[in-house]
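Residue-level listing of the chains:
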Amino acid sequence: MEKIEIGNKIRSLRMEKGFTQYKLAILSGQSPSYIPEIEKGNKCPTIEVLDHICYALGITLADFFSKTTNQIKADKLANLTPEQKALLNNFLNSL
C-alpha cells in the first residue's frame, strides 16, 4: 500500500467519524502536525503509529487493510467491460 493510499484511507475514516485532524492526533497520541502529513502522503506511519491511529478510529489494523483490499477489488470490477463482467460471472457460476 502506497503512502498516499494510507493517507487517503486515514482521512476517509477520520471524516466518517467526524474527527478533525487535531482530535485524531490527540486520541492517537500523535503530534497535531503529523496527521496532516500522513494524510497528504508526505509521511508514512510505522505499524505502531498506524495501530494507535486505528485504535483511535475504533478499528483494528486488520480492518484497515481488509477494507482496502475490498475497495481495490471493487475498483477493478468497476473497470471491466460488460463482456468481461459476463465472462467473469459465467466463470464464477461454473465453480
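Note on numbering: residues in each chain are counted from 1, in written sequence order. In keeping with the model being predicted, local features are shown solely for residues with a pLDDT of at least 70 and side-chain atom pairs are shown and tallied solely at 80 or more, while totals for entire chains, interfaces and linings include all residues. The side-chain values count all of the structure's non-hydrogen atoms but skip hydrogen atoms and water molecules.

> So what exactly am I meant to see when it comes to the packing of aromatic side chains here?
In this description, an aromatic ring pair is defined by two values, namely the gap between the centres and the angle between the planes. For Phe, Tyr and Trp, where Trp contributes only its six-membered ring, two rings pair if their centres lie within 6.5 Å, and the inter-plane angle classes them as stacked under 30 degrees, edge-to-face over 60, or tilted in between. Applying the stated criterion across every chain yields a total of one aromatic pair. Between Phe64 and Phe65, the ring centres sit 5.1 Å apart and the planes meet at 85 degrees, which makes this aromatic pair edge-to-face. Type-normalised accessible area, obtained with a 1.4 Å probe on protein chains alone, sets the label of each residue: buried when under 20%, exposed when over 50%, and partly exposed for intermediate values. Judged by relative accessible area, Phe65 falls into the partly exposed class, the value being 32%. Whether a charge lies above a ring is judged from NZ of Lys or CZ of Arg, which has to be within 6 Å of the ring centre and within 35 degrees of the ring normal. Positioned over the ring face of Phe64 is Lys9, at 5.7 Å from the centre of the ring.

> How should I be thinking about helix 2 (residues 21-28) in this particular structure?
Helical geometry note: an α-helix holds 3.6 residues per turn, so side chains three or four residues apart project in the same direction. Only DSSP runs of H or I reaching four residues or more are called helices, and only runs of E reaching two or more are called strands; each is numbered from the N terminus. Every buried residue belonging to helix 2 is among Leu24, Ala25 and Ser28, and all of these are buried. Buried residues in helix 2, looked at end-on, bunch into an arc of 100 degrees, giving them a common side. Contacts are assigned to residue pairs that have any heavy atoms within 4.5 Å of one another. Buried positions along helix 2 lie against helix 1 (3-17), helix 3 (34-40) and helix 4 (47-57). Of the residues trailing helix 2, Gly29 is marked for its positive phi of about 75 degrees. By construction, the arc corresponds to the directions joining the helix axis to the C-beta atoms.

> How should the confidence of the model for the protein chain be read in this particular structure?
Detailed reading of the predicted coordinates is not advisable wherever pLDDT falls low. Note on scores: pLDDT gives the predictor's confidence for each residue, bounded by 0 and 100. Summing up the model confidence of the protein chain, the mean pLDDT is 89 and the portion of residues at 70 or higher is 91%. Between the elements of the protein chain, mean pLDDT differs from a low of 72, seen in helix 5 (residues 61-78), to a high of 98, seen in helix 2.

> Honestly, the pattern of salt bridges in this entry has me stumped. Any pointers?
Opposite charge on two side chains lets them pair, provided their charged atoms get close. Each salt bridge in this description consists of a side-chain nitrogen of Lys or Arg and a carboxyl oxygen of Asp or Glu lying within 4 Å of one another. For the structure shown, the criterion picks out three salt bridges. With its nearest N and O atoms 3.7 Å apart, the salt bridge here joins Arg11 to Glu39. Of this pair, Arg11 sits in helix 1 while Glu39 sits in helix 3, and the two are 28 residues apart along the sequence. Exposure remark for Arg11: the relative accessible area of 27% places this residue in the partly exposed category. For Glu39, a relative accessible area of 1% gives the class buried. In this structure, the salt-bridge partner of Lys40 is Glu37, at a minimum N-O distance of 3.9 Å. Of the two residues, Lys40 and Glu37 both sit in helix 3, three residues apart, roughly one turn of that helix. Here Glu37 falls in the partly exposed class, since its relative accessible area comes to 24%.

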